[in-house]
Amino acid sequence: MAESRYMTINMGPQHPATHGVLRLLLELDGEIIVKAEPHIGYLHRGIEKLAESMTYPQALTLTDRLDYTSALSNNLAYCLAVEKLLDINIPKRAQYLRVLMAELQRIAAHLLWLATHALDLGAMTLLFYAFRERETIMEILELATGARLTPSFIRIGGLASDIPDTFLPRVKAFVEDFPKRMDDYETLLTENIIWKKRTTNIAPMSAEECIQYGVTGPVLRASGVSYDVRKAYPYSSYEDFDFEIPLGRNGDVYDRYLVRLIEMRQSNRIVKQAAEKLPGGPFAAVDAPLVVPPAKEEVGRDIAALIRHFKIMEEGFRPPCGEVYASVESSKGELGFYLISDGTNKPFRMRIRPPSFINLAALPKMIEGQMVADVVAAIGSIDIVLGEIDR
Amino acid sequence: MAKCMAGDLLKENFPEAVRDCEEFRGETSITVDAGRLREVMTFMKEEEKLCYDLLLDLAGVDFNDRSPRFMIAYLLHSTKFNNKLRIKTTVAEGASLDTVSDIWLAADYMEREVYDMFGIIFNNHPNLKRILLTDDFVGHPLRKDFPVKGADFDQPLQVCLEEEQ
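The rules we used
- Residues numbered from 1 in each chain as written.
- Chains lettered and ligands numbered in written order.
- Predicted model: local features only at pLDDT ≥ 70, side-chain atom pairs only at ≥ 80, totals over all residues.
- Heavy atoms only, no water.
- Helix = DSSP H or I, 4+ residues; strand = E, 2+ residues; numbered from the N terminus.
- Buried < 20%, exposed > 50% of the residue type's maximum accessible area, 1.4 Å probe, protein only.
- Contact = heavy atoms within 4.5 Å.
- Lys, Arg positive; Asp, Glu negative; His and termini not counted.
- Charge placed at Lys NZ, Arg CZ, Asp CG, Glu CD.
- Core = buried A, V, L, I, M, F, W, Y, C linked by side-chain atoms within 4.5 Å.
- Polar contact = N/O pair within 3.5 Å; in protein donor to acceptor, adjacent residues only side chain to side chain.
- Nonpolar A, V, L, I, M, F, W, Y, C, P; charged D, E, K, R; others polar.
- Phe/Tyr/Trp six-rings, centres within 6.5 Å; stacked < 30°, edge-to-face > 60°.
- Lys NZ or Arg CZ within 6 Å of the ring centre and 35° of its normal.
- Axes fitted to C-alpha atoms, helices over the stretch in contact; angles between N-to-C directions.
- Parallel < 35°, antiparallel > 145°, perpendicular 65-115°, else oblique.
- Left-handed = near helix turned anticlockwise from the far one by under 90°.
- Pairing = 2+ DSSP bridges.
- Expected span 1.5 Å × (residues − 1).
- Salt bridge = Lys/Arg side-chain N within 4 Å of Asp/Glu carboxyl O.

**Q** Explain the overall build of chain B residue by residue, including any values.
**A** Counting its secondary structure elements, chain B contains four helices and seven strands. Dimensions along the principal axes, computed over C-alpha positions, put chain B at roughly 60 × 30 × 25 Å. Looking at chain B residue by residue over its 165 residues, the buried ones come to 52%. Excluding contacts between residues fewer than 6 apart, the proportion of contacts in chain B whose partners are at least 24 apart in sequence is 48%. For chain B, the separation between the mean place of its 20 positive charges and that of its 31 negative charges on side chains is 6 Å.

This is the structure:
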């Protein structure tokens, strides 16, 4: 091997600060990074391939396992794509509940990010506070969905069931309490001199660079580009809600931190509005009997409903031929599903546009020329989830 | 409005390259000739009236029994005009396609993934190697003729055999 003045070190795949099985090959000149190359694929399960052999309702369960910190957003993105293919209308109540849950999930995902990002950079205290609030959200979501990490609760045509009576009071209590908790977190970090020194001007990306690399989500907005799918292409009645898109200026780790913190407050606002304005009515489409299975009571009473239930569970349904792309703003960025239907009950092709995968591609650009100690800050600031990168 | 404009502008500037323009559920897809792909893409990005500066997605599709066999779909977004457009092109088995990774750096990883999953070669790509699978993996899993269950585990893996020799 040729002599090189640079030292190559291997970071990961088992490393506490790479948030999963990410392996980075770093070429170092002293403490400065000359070249960085991510190696991924350790968690590859072939989700896109598996989906081709499953019916549309079955493939929904795969989406939970993409970004496992915000499974409901993934469910939502997939359902929106299939619903677009089927061209069915979703009742307002279901749309509002979807928004409410997706935003609660966003807060939970951002709290997990905040806790681990701060922990990576040595601010351990925050982990305990952030996980306390995350636990509250998990309990609220469990109350409605029955699961913590893989709910598969948002179904094609609406939701799996209506919410229990105890759900809304708990959401409202959380929404009232949460801004105070946010203030507490901010006293720990926002003006903390050590935190600022570790994050300001670290791994900066300009707006042009972000767009070149296809970066979306909080990382893009921290660089000052106002692109949020919720505003750009509103879905699931987001246009009914009043919220703002926070923008950063320098595009460094500190700005990404600030953007995510404000996003949590804005999500809290959306949850509050959704809980207050929640309309009555059905929780799933009523005019799509071949897509939405009948209610349990009906199945017990009516033989035709029982047969219909079996049909949907066993065979699924056949959307018309065509191709659609539907996307949502997940906690990481734009999560999109590109579905191609050939008229059968299984997707001909399900392409997932994973925000983390594309954001990760910008990591080498971010850290080249920076100190090796800042790699951890940069990885944390992109907020990657390997389940989504490797699929 | 800008959507139809993209189609019209393309037809105006590249009359022989545009094969097809279809609309489904409010999404526009334009199929272009693979040989003119780079010209079209540069035009899409540079033209002031279009300004598709963000490459959102790049997906490969295997149509197995169709000819040409593969389709590549590029999803573009314009941050200036806030609209999306899909550009599609076809690739025959064994043929290669020009890279767009110098037009949008985002295409670097996405093209690597398409190469990994479908075995489509992108000309002039700076670092075309497998990305999600290991370098010694045999086959391209998202091709329709690749079995869902993967390799036959009753047989010794091809990789192991090579090591023994």
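**Q** Give me the nonpolar core: which residues, what numbers.
**A** Formed by 180 residues in total, the largest nonpolar core has its most connected members in A:Tyr78, B:Met44, B:Tyr74 and B:Ile87. Non-local contacts of A:Tyr78, meaning those with residues more than four positions away in its chain, are made with A:Tyr56, A:Ala59, A:Leu60, A:Thr63, A:Ile156, A:Phe337, A:Leu339 and A:Met350.

**Q** Run through the environment of A:Thr63, naming residues and quoting values.
**A** Residues and elements named next belong to chain A. Residue position: Thr63 is located in helix H2 (residues 56-63). The spacing of Thr63 and Asn74 is 11 residues in sequence and 5.7 Å in space, taken between C-alpha atoms. With residues near it in sequence (within four places) discarded, Thr63 still touches Asn74, Asn75, Tyr78 and Phe337. Polar contacts involving the side chain of Thr63 include one to the side chain of Asn75, which spans 3.0 Å.

**Q** So, the interface of chain B and chain A: which residues are in play, and what are the values?
**A** With 47 residues of chain B at the interface, the matching set in chain A holds 44 residues. Connecting chain B to chain A are 24 residue pairs in polar contact (both at pLDDT 80 or more). Of all the secondary-structure elements, those providing two or more residues to the side of chain B that touches chain A are strand E2 (27-32), strand E3 (54-62), strand E4 (70-78), strand E5 (83-91) and helix H3 (107-118) of chain B. Take the side of chain B that touches chain A: its biggest share by element is nine residues, from E3(B). Residues belonging to the side of chain B that touches chain A are distributed by class as follows: 27 nonpolar, seven polar and 13 charged.

**Q** I'd like a rundown of unusual backbone geometry, residues and numbers included.
**A** With an omega of -5°, the peptide bond between B:Ser67 and B:Pro68 qualifies as cis. If you trace the backbone, B:Pro68 turns up in the loop between E3 and E4. Phi at A:Ser237 is positive, roughly 65°, even though this residue is not glycine. Its location among the elements puts A:Ser237 in the loop between helix H10 (229-232) and helix H11 (253-277).

**Q** Residues and numbers for the packing of aromatic side chains, please.
**A** On inspection of all chains with the given rule, the structure shows 13 aromatic pairs over all chains. Relative to A:Phe243, the ring of A:Tyr238 has its centre 6.0 Å away and its plane inclined at 65°; by these criteria the two rings are edge-to-face. Take A:Tyr238: its relative accessible area is 1%, and that puts it in the buried class. Judged by relative accessible area, A:Phe243 falls into the buried class, the value being 3%. Looking at B:Arg66, its charged tip hangs above the ring of B:Phe63, at a distance of 3.8 Å from the centre. Note that B:Arg112 overlies the ring of B:Tyr109, its terminal NZ or CZ placed 5.6 Å from the centroid.

**Q** Provide a residue-level description of the packing of helix H6 (residues 167-189) of chain A against H11(A), including the pertinent values.
**A** Residues and elements named next belong to chain A. Packing of H6 against H11 brings their axes to within 9 Å, and their N-to-C directions diverge by 160°. In terms of orientation, H6 lies roughly antiparallel with respect to H11. The element H6 and its partner H11 pack so that their crossing is left-handed. Judged by residue contacts, Leu168, Val171, Lys172, Phe174, Val175, Glu176, Phe178, Pro179, Met182, Asp183, Glu186 and Leu189 of H6 engage Tyr257, Leu261, Met264, Arg265, Asn268, Val271, Lys272 and Ala275 from H11. For the contact of H6 with H11, a count of residues per class yields 13 nonpolar, one polar and six charged.

**Q** Tell me about the sheet that holds E5(B), residues and numbers included.
**A** Residues and elements named next belong to chain B. Taken in spatial order, the five strands of this open sheet run E1-E2-E5-E4-E3, and their pairing is mixed. At either margin of the open sheet sits one strand with a lone partner, and together these are strand E1 (18-24) and E3. Ignoring strand direction, the axes of neighbouring strands in this sheet form an average angle of 20°. As judged from the nine bridges shared by E4 and E5, these two strands associate in the antiparallel manner. Bridge pairing links Phe70 to Val91 in E5. Across the sheet, H3 touches E3 and E4, and the angle it forms with E3 is around 5°.

**Q** Before we move on, can you summarise the pairing of E1(B) with the specific residues and values?
**A** Residue and element names in this part refer to chain B. The pairing of E1 with E2 spans six bridges and is antiparallel. Counted as the bridge partner of Val18 is Val32 from E2. What sits between E1 and E2 in their antiparallel hairpin is a turn of two residues, with Arg25 showing a positive phi close to 50°.

**Q** Break down helix H4 (residues 92-120) of chain A for me, with residues and values.
**A** Residues and elements named next belong to chain A. Across its 29 residues, H4 extends 41 Å between first and last C-alpha, which sits within 8% of the 42 Å expected from 1.5 Å per residue. Of all 29 residues in H4, 26 are buried; the element is thus mostly enclosed. Residue Gly122 follows H4 closely and has a positive phi angle near 95°.

**Q** How would you explain the pattern of salt bridges if you had to name every residue and give the values?
**A** Evaluated as defined, the whole model comprises 48 salt bridges over all chains. Between B:Arg25 and A:Asp87 there is a salt bridge, and its shortest N-O distance comes to 3.9 Å. Residue B:Arg25 is found in the loop between E1 and E2, and its partner A:Asp87 is found in the loop between helix H3 (71-86) and H4; the two belong to separate chains. Overall, the relative accessible area of 29% leaves B:Arg25 in the partly exposed class. According to the relative accessible area criterion, A:Asp87 is exposed, its value standing at 52%. Here B:Lys88 makes a salt bridge to B:Glu22, at a shortest N to O gap of 3.3 Å. Here B:Lys88, found in strand E5, pairs with B:Glu22, found in strand E1; they are 66 residues apart in sequence, far enough to count as distant. Overall, B:Lys88 belongs to the buried group, its relative accessible area being 5%. Taking relative accessible area as the criterion, B:Glu22 reaches 35% and is therefore assigned partly exposed. The network of salt bridges with shared partners includes A:Glu103, A:Arg106, A:Arg221, A:Asp228, A:Arg230, A:Glu263 and A:Glu329.

So far we have only geometry, and geometry alone does not tell us how the molecule works.
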